[in-house]
Amino acid sequence: MDNSIWLKKRGYYHLTPKLDVIGGGDEYLGKITNPKFVERHGFFPLLHSIIKERRYKKIDQTRSRSHVHPIKGPSAKKRPLHYATHIDSLIFGYYAQLLLLEYEKVLQKGQQLSEAITAYRKILNPDDHDRGKSTIHFAHEAFSEIRNRTLRDGSCVVLKFDIESFFPSLNHKHLKAAWMEVLGVETLPLDHYRVFRAVTNFSYILKDELRKNKRIFGKKSGFDEKRLSQIRKGGIESFFESNEEFRRAIKERQLKIYKNPFRSKNENQMVGIPQGLPISSVLANIYLLKFDQEVIQKIVIELGGFYRRYSDDIIILTDRQNESKVKELVMSLISRFFIEISQDKTEVFHFEIKHDGSVKGSMKFEDGHLSDNYPLNYLGFDFYGDRTLIAAKNLSKFYRRMKISIKRKTKVTARLESDQQGKKPAVFFRQLFRIYSNSDLERYKVRTRRISLTKNRFGEYVYKSKVIPKPMKGNYFSYVKRASKIMGEPAIANQLRNHRKIFNSTLKRRMES
């Protein structure tokens, strides 16, 4: 096992101190790989936060787009995330790797099964051994299969399914059984059982309740930086100086501990696991292992279909003769695993051959009839049959984030100008330029800073930073170029042709306002 995958430093603040994994790696390695240590370990509550992503959605009556639906309300997508303390994260990460190794052994027994499960795994890319396959490859493989089947058989049917509330719906009894089956045991070892209980019977604290002002609406206030600075002087990076201080805050009702809120619809039993833990993704794959095996046998082998599952996104290719049968099979199989398919997100697409011999634009089966030239959206790409493009909503997200970043930078600049009494402040836009410009990424090297707490001459701990040069990571433009090359679609590279104009006009407008 490669320990560097899970034995790594995490930068976020939590209820307990950050760990010096670099300096004390051997100590933590010895503890966490010792089953007796995990058996006795007491897991802390998780930190709960929600990531909101604003989206423009179509309004049915007017066909226009808005952030707020007149009936359904705001269209912002909310992703609840849970973070474990640093020591707990290391334990979850280690046991995730243990399970992943055994899970991979099962997948390798059948090539079709291994090829079908694409999420949360490192799949070898024969064209680039330094990088595994990405969503670009997975989407391209699916689109190529659609094109090949259509040209070979004259038509192809694509069924798209989305599992409703996947992580919050996982049945604990089935998860435990799947965990044991992957390990090849009849009873979970005590250390594995402790981890299982920590994941399923979890508790959490709202991160927003650690802020200075606990507002429900409006802009959130910051954290008490003065108090955090005092704690750091003692060499501790945490919201609390000690476990005793944290327990006192609970006892005095300054903080509230919440329990797993997920419940099954029918029996009102506790279900689900938190999303955001190092072990969550592996458990999600293990949970559906038997489902994947049955789909491979009944749809891929017996009916000649094509199956891919990326987490909770399922895509199946078949012919018109088996369309209804495949849909019924998927619905029947998934119900045995105590989860449901989202009816609103279930889609059916038909592909045919044009008169010139090429693949006809995708037709979506909706409301009892086919809508022409309606793209199949899969893993961030729109497939029209004769061409592939990056999904419009992904481009919108890129430009929205670019404008937000520019807005933040200009606000900092305006604040500096007022503080310096009319003097022209330094404006640092190099970071924005690197992220939101089409620069030659291969020629750039950036300097990053490694920050650590170091004791000064007064015996107090203060932050010290060390500049470390390293190759620059890719940005959205490198992703677009890579997608254009892998898919053989020059049109993808042209989708960002107006980026410089939008960047400069947004920057100019913000600087003048």
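How each quantity is defined
- Residues numbered from 1 in each chain as written.
- Predicted model: local features only at pLDDT ≥ 70, side-chain atom pairs only at ≥ 80, totals over all residues.
- Heavy atoms only, no water.
- Pairing = 2+ DSSP bridges.
- Helix = DSSP H or I, 4+ residues; strand = E, 2+ residues; numbered from the N terminus.
- Axes fitted to C-alpha atoms, helices over the stretch in contact; angles between N-to-C directions.
- Contact = heavy atoms within 4.5 Å.
- Parallel < 35°, antiparallel > 145°, perpendicular 65-115°, else oblique.
- Left-handed = near helix turned anticlockwise from the far one by under 90°.
- Nonpolar A, V, L, I, M, F, W, Y, C, P; charged D, E, K, R; others polar.
- Expected span 1.5 Å × (residues − 1).
- Buried < 20%, exposed > 50% of the residue type's maximum accessible area, 1.4 Å probe, protein only.
- Polar contact = N/O pair within 3.5 Å; in protein donor to acceptor, adjacent residues only side chain to side chain.
- Salt bridge = Lys/Arg side-chain N within 4 Å of Asp/Glu carboxyl O.

A. Structural view of the sheet that holds strand 17 (residues 388–390). Judged by pairing direction, the sheet is antiparallel, and its 3 strands sit side by side in the order 15-16-17 without closing on themselves. Two strands lie at the open edges of the sheet, namely strand 15 (376–378) and strand 17, each paired on one side alone. Strand-to-strand twist of the sheet, defined as the mean angle between neighbouring strand axes without regard to direction, takes the value 25°. The sheet contact formed by strand 15 and strand 16 (residues 381–383) spans 3 bridges and is antiparallel. Its bridge partner lying in strand 16, Asn 377 is registered against Asp 382. Sitting on the sheet, helix 5 (residues 135–153) is in contact with strand 15, strand 16 and strand 17, with an inclination near 5° to strand 16. Lying on the sheet, helix 16 (residues 476–487) is in contact with strand 16 and strand 17; it crosses strand 17 at an angle near 170°.

B. Representation of the packing of helix 7 (residues 172–183) against helix 8 (residues 190–200) in the model. Where helix 7 contacts helix 8, the axes come no closer than 12 Å and their chain directions differ by 150°. One way to sum up the angle between helix 7 and helix 8 is to call them roughly antiparallel. Note that helix 7 runs across helix 8; the crossing there is right-handed. Every residue of helix 8 that contacts helix 7 at His 172, Leu 175, Lys 176, Trp 179 and Leu 183 is listed here: His 192, Tyr 193, Val 195, Phe 196 and Thr 200. Of the residues that constitute the contact of helix 7 with helix 8, the class distribution is 6 nonpolar, 3 polar and 1 charged.

C. Spotlight on helix 3 (residues 86–107). Spanning 22 residues, helix 3 covers 31 Å between terminal C-alpha atoms, matching the ideal 32 Å at 1.5 Å per step. Most of helix 3 is tucked away, with 18 of its 22 residues classed as buried.

D. A look at the side chain of Lys 160. Looking at where Lys 160 falls in the secondary structure, it is placed in strand 7 (residues 155–162). Taking relative accessible area as the criterion, Lys 160 reaches 14% and is therefore assigned buried. A polar side-chain atom of Lys 160 sits 2.6 Å from the main-chain carbonyl oxygen of Asn 377.

E. Spotlight on the pattern of salt bridges. Counting across every chain of the model gives 20 salt bridges. A salt bridge links Lys 36 to Glu 39; its shortest N-O distance comes to 3.9 Å. Here Glu 39 and Lys 36 lie together in helix 2 (residues 35–40), a separation of 3 residues that amounts to about one turn. Since its relative accessible area comes to 48%, Lys 36 is described here as partly exposed. Take Glu 39: its relative accessible area is 18%, and that puts it in the buried class. The partner of Glu 241 in a salt bridge is Arg 227, with the nearest N and O atoms 3.3 Å apart. Here the residue Glu 241 occupies a position in the loop between helix 9 (225–232) and helix 10 (243–251), and Arg 227 occupies one in helix 9, the gap between them amounting to 14 residues. When salt bridges with common partners are traced through the structure, they connect Glu 164, Lys 265 and Glu 340 into a single cluster.

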